[in-house]
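Residue-level structural notes
Below, each chain spelled out in residue letters.
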Amino acid sequence: MATLFILGIGSYGFITSNYVWTLGNCKKEQRLKTINLLDIVSNLGLALAGMLIGFISIQHFTKIFLISSCALGLIALYLFFLNSKKQNIIIETPPLISNDTSTSSMNFGGLYYALGCLFFVGLIISQTSSTYPLFLQKSFPEMGTMSFSILFTLNAFLIVFFQAPLINSLKNANKIMLIGLGALLLGSGMVLLNFSFFTIAILSCVIFTLGEILFFSIAQLIC
């Protein structure tokens with residue numbers, strides 16, 4: 001539990017600061033492409049990790065822990081020494097509260113909507129790291145860790161190959177409607193898991209991933 005606590009602080013601290021720093025250095029019209037690129041690179045790594053899990057037995061997971069720890073340590077040292085050689089970059093962003101009452105109200109409305117949706121979608125996403133792997137092992141015991149590996153890798157590769165073209169084609173659509181559609185697809189993907197067939201689980205993963213692409217990329221853009 002202590003390890004998970006430290007990983008939670010480190011991983012989400014890095015992800016959040018990385019997104020804020022990167023988006024803060026982008027022009028407004030480049031932010032959607034930047035979000036897509038960050039998600040694609042991240043999920044490419046997740047896909048490789050998913051494939052690795054499928055080919056390694058549980059008995060050798062300690063080696064994965066050791067290699068991952070060493071890799072993270074090297075990255076931390078690299079970022080530490082890189083930061084010591086460069087001055088901190090101050091990102092200037094426009095104030096959240098505008099003097100224009102109508103603009104301020106509109107910005108806050110979209111932000112509150114995105115955050116409200118994020119709370120409920122978070123309840124769904126949390127299942128992927130808790131009950132979802134247990135469900136797969138119970139439903140498809142003959143596949144072992146391979147069932148989770150296949151679906152985990154499929155999720156990541158769908159994001160790698162389809163997020164950028166899909167979101168770019170919808171960039172002029174109503175952003176609030178896209179968030180709602182994404183949340184609907186996320187919930188629908190989970191509902192399909194009531195049918196214990198692996199083909200249905202694959203279909204569920206595809207629908208779930210489309211919802212994930214729509215919801216998180218647009219919600220980040222709004223925020």
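Everything below is about the structure printed above this text.
Presented here is an overview of the structure given in this document. (Residues numbered from 1 in each chain as written. Predicted model: local features only at pLDDT ≥ 70, side-chain atom pairs only at ≥ 80, totals over all residues. Heavy atoms only, no water.)

We now examine the side chain of Asp-39. Mapped onto the fold, Asp-39 is located in helix α2 (residues 31–55). Buried charge without a partner: Asp-39 forms no salt bridge, and the closest opposite charge is Arg-31, 14 Å away. In this structure, Asp-39 is in contact with Tyr-19, Ile-159, Gln-163 and Gln-220, ignoring residues within four places of it in sequence. (Helix = DSSP H or I, 4+ residues; strand = E, 2+ residues; numbered from the N terminus. Buried < 20%, exposed > 50% of the residue type's maximum accessible area, 1.4 Å probe, protein only. Lys, Arg positive; Asp, Glu negative; His and termini not counted. Salt bridge = Lys/Arg side-chain N within 4 Å of Asp/Glu carboxyl O. Contact = heavy atoms within 4.5 Å.)

Attention now moves to the side chain of Ser-149. Relative to the elements of secondary structure, Ser-149 occurs in helix α6 (residues 146–169). Accessibility expressed as a relative area gives 4% for Ser-149, which makes it buried. What Ser-149 contacts, discounting residues up to four positions off in sequence, is Gly-50, Met-51, Ile-53 and Gly-54.

A few words on the environment of Ala-183. Mapped onto the elements, Ala-183 comes out in helix α7 (residues 175–191). Along the primary structure Ala-183 and Leu-210 are separated by 27 residues, whereas in three dimensions their C-alpha atoms are 9.8 Å apart. Discounting chain neighbours no more than four positions away, the residues touching Ala-183 are Val-121 and Phe-215.

With that out of the way, let us pick up the packing of α2 against helix α8 (residues 198–222). Contact geometry for α2 and α8: axes closest at 10 Å, N-to-C directions at 135°. Judged by the angle between their axes, α2 and α8 are oblique. The hand of the α2/α8 crossing is right-handed. Residues Arg-31, Leu-32, Ile-35, Asn-36 and Asp-39 of α2 touch α8, and the partners they reach there are Ser-217, Gln-220 and Leu-221. Class assignment of the residues belonging to the contact of α2 with α8 gives a composition of three nonpolar, three polar and two charged. (Axes fitted to C-alpha atoms, helices over the stretch in contact; angles between N-to-C directions. Parallel < 35°, antiparallel > 145°, perpendicular 65-115°, else oblique. Left-handed = near helix turned anticlockwise from the far one by under 90°. Nonpolar A, V, L, I, M, F, W, Y, C, P; charged D, E, K, R; others polar.)

Moving on to the nonpolar core. In this structure, Ile-167, Ile-179, Leu-186, Phe-215 and Ile-218 are the most contacted members of the largest nonpolar core, which totals 16 residues. Of all the secondary-structure elements, those providing two or more residues to this core are α4 (101–125), α6, α7 and α8. Top contributing element to this core by residue count: α8, with six residues. Setting aside anything within four residues of it in sequence, one finds Ile-167 in contact with Leu-32, Asn-36, Ile-213, Leu-214, Ser-217 and Ile-218. Leu-151, Leu-193, Ala-201 and Cys-205 belong to the second-largest nonpolar core, a separate cluster that totals eight residues. (Core = buried A, V, L, I, M, F, W, Y, C linked by side-chain atoms within 4.5 Å.)

What follows deals with the environment of Phe-198. By the secondary structure assignment, Phe-198 is in helix α8. Taking relative accessible area as the criterion, Phe-198 reaches 18% and is therefore assigned buried. C-alpha of Phe-198 to C-alpha of Ser-147: the two residues are 51 residues apart in sequence and 8.2 Å apart in space. Excluding residues that lie within four positions of it along the chain, Phe-198 makes contacts with Phe-140, Met-143, Ser-147, Ile-150 and Leu-151.

Let's shift gears to a nonpolar patch on the surface. A contiguous nonpolar patch, built from Leu-4, Leu-7, Tyr-12, Phe-14, Ile-15, Leu-72, Ile-75, Tyr-78, Leu-79 and Leu-82 and spanning about 1000 Å² of accessible area, is present on the exposed surface. Only α1 (2–24) and α3 (61–85) provide two or more residues apiece to the nonpolar patch. For Leu-72, the location among the structural elements is in helix α3. (Patch = residues over 30% accessible without salt bridge, like charges linked within 9 Å, V, L, I, M, F, W, Y side chains within 5 Å. Areas by Shrake-Rupley, 256 points an atom, 1.4 Å probe, with all protein chains shown as cover.)

What follows deals with the packing of aromatic side chains. Evaluated as defined, the whole model comprises seven aromatic pairs. Between the aromatic rings of Tyr-132 and Phe-148, the centroid separation amounts to 6.5 Å while the plane-to-plane angle is 65°, which identifies the pairing as edge-to-face. Taken together, the positions of Tyr-132 in helix α5 (residues 131–139) and Phe-148 in helix α6 put the pair 16 residues apart, joining distant regions of the chain. Given the relative accessible area of 13%, Tyr-132 is considered buried. Residue class for Phe-148 comes out partly exposed when judged on its relative accessible area of 22%. Taking the centre distance of 5.4 Å and the plane angle of 35° together, the rings of Phe-148 and Phe-152 count as tilted. With Phe-148 and Phe-152 both in helix α6 and four residues apart, this pair spans about one turn of that helix. Taken together, Tyr-132, Phe-148 and Phe-152 form an aromatic cluster joined through their ring pairs. (Phe/Tyr/Trp six-rings, centres within 6.5 Å; stacked < 30°, edge-to-face > 60°.)

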